[in-house]
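Here's the letter readout for the chains.
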Amino acid sequence: MTIVLIGYMASGKTSVGKLLAKKLNYRFIDLDDFIEDKEGATIKEIFNSKGEIYFRKKETQYLKELLQANEENTVLSLGGGAPCFGENMDEVIKAKHAISIYLKGTVPFLANKLVQKRSKRPLISHIDNVEDMSEFVGKHLFERMPFYSKAEKHVVIDHKSKPEIVEDMVSILF
């Protein structure tokens, strides 16, 4: 089985995904890291040298490859935008041995987390207060909700520890 984690920036897809994989004795793959390994360049370098269209095509290609591989039990973390491009979310839903989980955070919760971590995220590094971050996150979530909401399972993450989120995921999976 492949457990596919989707959600907005700072929802814990990677950190919680690693904990979930360890608990279940599954392999963990971050799609962005996988793309960087395959392409021999960082996501930022790919965007700068080949553009977003190239990146999104490669993202879809590698997502399909990982969903079809099904060699071993895997937790697969997608980038925040991955479900929203091409047919990516539909590919996840129709994959025979995959189940998707949306790590769902509210705008205020995500905005507060992101304003503290903005230096590590080029897309939001210029936003330096919670009010502006809330506006940015709210707009993005509104645009992405039709894709995120297609996930088969939803786990609320607000004010929960990473182990608590993992336990919530395990309880809805098994």
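## Here we look at the overall build of the protein
Link 1 in the chain: The secondary structure content of the protein amounts to seven helices and five strands.
Link 2 in the chain: In the protein, the succession of helices and strands from N to C terminus is β-α-β-α-α-β-α-β-α-α-β-α.
Link 3 in the chain: Taking 2.2 N^0.38 as the reference for a compact globule, 174 residues should give roughly 16 Å; the C-alpha atoms of the protein span a radius of gyration of 16 Å, in line with that estimate.
Link 4 in the chain: Taken along its principal axes, the extent of the C-alpha atoms in the protein is 45 × 40 × 25 Å.
Link 5 in the chain: Each of the 174 residues in the protein was classed as buried or not, and the buried ones make up 46%.
Link 6 in the chain: Residue pairs at least 24 apart in sequence account for 72% of intrachain contacts in the protein once pairs closer than 6 positions are excluded.
Link 7 in the chain: As displayed, the protein offers around 9,200 Å² of accessible surface, 52% of which is attributable to carbon and sulfur atoms.
Link 8 in the chain: Of the charged side chains in the protein, 26 are positive and 25 negative; the average position of the first set lies 2 Å away from that of the second.

## Considering the layout of surface pockets
Empty space left among the atoms is revealed by rolling a probe the size of a water molecule over them.
Link 1 in the chain: Here the largest pocket defines a volume of roughly 1,300 Å³.
Link 2 in the chain: Together, 41 residues line the largest pocket, and Met9, Asp32, Gly79, Gly80 and Arg121 are the ones closest to its centre.
Link 3 in the chain: Elements with a contribution of two residues or more to the lining of the largest pocket: helix H1 (13-24), helix H2 (31-39), helix H3 (43-69), helix H5 (107-117) and helix H7 (162-173).
Link 4 in the chain: The biggest single contributor to the lining of the largest pocket is H3, with seven residues.
Link 5 in the chain: Within the lining of the largest pocket, the residues separate by chemical class into 15 nonpolar, 10 polar and 16 charged.

## Section: the nonpolar core
Link 1 in the chain: Counting residues in each nonpolar core, the largest one holds 55 residues, and the members touching the most others are Ile3, Leu31, Leu76, Leu78 and Met169.
Link 2 in the chain: No other element matches H3, which puts seven residues into this core.
Link 3 in the chain: Apart from the residues within four sequence positions on either side, Leu76 is in contact with Thr2, Ile3, Val4, Leu5, Ile29, Leu31, Leu63, Leu66 and Leu67.

## Side note on the side chain of Thr74
Link 1 in the chain: By the secondary structure assignment, Thr74 is in strand E3 (residues 74-77).
Link 2 in the chain: Excluding residues within four positions of it along the chain, Thr74 makes contact with Met1, Thr2, Ile3, Tyr26, Arg27 and Ile29.

## Side note on a negative patch on the surface
Link 1 in the chain: Taken together, Asp128, Glu131, Asp132 and Glu135 make up a surface patch of like negative charges.
Link 2 in the chain: For Glu135, a relative accessible area of 61% corresponds to the exposed category.

## Some details on the packing of H5 against helix H6 (residues 130-148)
Link 1 in the chain: Two numbers describe how H5 lies on H6: the axes approach to 8 Å, and their chain directions differ by 125 degrees. In terms of orientation, H5 lies oblique with respect to H6. As H5 packs across H6, the resulting crossing turns out to be right-handed. Here Val107, Leu110, Ala111, Asn112, Leu114 and Val115 of H5 lie close against H6, whose contacting residues are Val130, Met133, Ser134, Val137, Gly138 and Leu141.
Link 2 in the chain: Class assignment of the residues belonging to the contact of H5 with H6 gives a composition of nine nonpolar, three polar and no charged.

## Description of H6
Link 1 in the chain: Compared with the 27 Å implied by 1.5 Å per residue over 19 residues, the 23 Å span of H6 between its first and last C-alpha is markedly short.
Link 2 in the chain: In H6, a bend of some 35 degrees at Phe142 exceeds every other bend along the element, and Pro146, a proline, comes one to four places later.
Link 3 in the chain: Turning to H6, its buried residues number three or more, namely Met133, Val137, His140, Leu141, Arg144 and Tyr148.
Link 4 in the chain: The distance from a side-chain oxygen at the start of H6 to the backbone nitrogen of Glu131 is 3.2 Å, and the residue carrying that oxygen is Asn129.

Parameters at a glance
Residues numbered from 1 in each chain as written. Predicted model: local features only at pLDDT ≥ 70, side-chain atom pairs only at ≥ 80, totals over all residues. Heavy atoms only, no water. Helix = DSSP H or I, 4+ residues; strand = E, 2+ residues; numbered from the N terminus. Rg over C-alpha atoms; globule rule 2.2 N^0.38 Å. Buried < 20%, exposed > 50% of the residue type's maximum accessible area, 1.4 Å probe, protein only. Contact = heavy atoms within 4.5 Å. Areas by Shrake-Rupley, 256 points an atom, 1.4 Å probe, with all protein chains shown as cover. Lys, Arg positive; Asp, Glu negative; His and termini not counted. Charge placed at Lys NZ, Arg CZ, Asp CG, Glu CD. 1 Å grid on protein atoms, 1.4 Å probe; cavity = no way out; pocket = protein on both sides within 12 Å on 5 of 7 lines; lining within 4 Å. Points joined across faces, edges and corners; volume = space filled by probe spheres on them. Nonpolar A, V, L, I, M, F, W, Y, C, P; charged D, E, K, R; others polar. Core = buried A, V, L, I, M, F, W, Y, C linked by side-chain atoms within 4.5 Å. Patch = residues over 30% accessible without salt bridge, like charges linked within 9 Å, V, L, I, M, F, W, Y side chains within 5 Å. Salt bridge = Lys/Arg side-chain N within 4 Å of Asp/Glu carboxyl O. Axes fitted to C-alpha atoms, helices over the stretch in contact; angles between N-to-C directions. Parallel < 35°, antiparallel > 145°, perpendicular 65-115°, else oblique. Left-handed = near helix turned anticlockwise from the far one by under 90°. Expected span 1.5 Å × (residues − 1). Bend = angle between axes of the 7 residues up to and from the residue. Polar contact = N/O pair within 3.5 Å; in protein donor to acceptor, adjacent residues only side chain to side chain.

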